Each structure stands twice: as C-alpha cells, then as structure tokens.
Amino acid sequence: RGNVEIVQGMQILQADQVTYEQRTGIVRADGNVRLLQPDGNVLFSDHVELKSELKTGIVENFRARLVDNSVFAAAEARRLNEDVT
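Draft legend 1. Inspection of the side chain of His-47 at higher detail. Within the secondary structure layout, His-47 lies in strand E5 (residues 42-51). Of the residues examined, His-47 reaches a relative accessible area of 18% and is grouped as buried.

Structure below.
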C-alpha cells in the first residue's frame, strides 16, 4: 500500500495498492494505476488485474496516453499481450 511500484522487465506498474497472488501469478492493482510501457505509452486505470508477467489482463476505467500525445479512454479494456490492448 502507498505509492507501490513494480518493475517487470521493461514495464513499470505504479498504484496506490497492489496485491500479488504468487500461486496464480495474478497482480491486482487499485487506485491511481499507471502502467508505463517500454515504447513510452502510459496506460491509466482505477483497477487492473494482470497476469503473465503483466502482459495480459483486464483494465477497468481505461485511459491511455500514447507517445504521439494522442489520448483515448474506455469503460473496460482487455490486454491480450504486450502489443495488443
């Protein structure tokens, strides 16, 4: 709890609170969630549930800022792999 930061490879997950289930490999992050990607894109959310080393999962209240400064948002997004959301 409190300004949590997790580094997995070239990705950085930041949130107010993070829970990691070691048995299943699932990471749940809540509150001011940011996922900084190696390509410079930043994904924002209130709640995410990720697995496979932060490569796949579900993102609620999704927002993104891309390296070209374009911005988009959705009620929910699915991260299929590190290249497709």
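Draft legend 2. Structural context of the layout of surface pockets. Its volume calculated, the largest pocket comes out at about 180 Å³. As for the largest pocket, its lining consists of 13 residues, of which Gln-37, Asp-39, Asn-41, Glu-82 and Asp-83 are closest to the centre. Residues that form the lining of the largest pocket fall into these classes: five nonpolar, four polar and four charged.

Draft legend 3. Here's a closer look at the packing of aromatic side chains. This model, assessed by the stated rule, comprises one aromatic pair. Where Phe-62 meets Phe-72, the ring centres are 5.6 Å apart and the plane angle is 55°; that geometry is what we call tilted. Remark: Phe-72 occurs in strand E7 (residues 71-79) and Phe-62 occurs in strand E6 (residues 56-65); sequence separation between them is ten residues. Overall, the relative accessible area of 3% leaves Phe-62 in the buried class.

The rules behind each value
Residues numbered from 1 in each chain as written. Predicted model: local features only at pLDDT ≥ 70, side-chain atom pairs only at ≥ 80, totals over all residues. Heavy atoms only, no water. Helix = DSSP H or I, 4+ residues; strand = E, 2+ residues; numbered from the N terminus. Buried < 20%, exposed > 50% of the residue type's maximum accessible area, 1.4 Å probe, protein only. 1 Å grid on protein atoms, 1.4 Å probe; cavity = no way out; pocket = protein on both sides within 12 Å on 5 of 7 lines; lining within 4 Å. Points joined across faces, edges and corners; volume = space filled by probe spheres on them. Nonpolar A, V, L, I, M, F, W, Y, C, P; charged D, E, K, R; others polar. Phe/Tyr/Trp six-rings, centres within 6.5 Å; stacked < 30°, edge-to-face > 60°.

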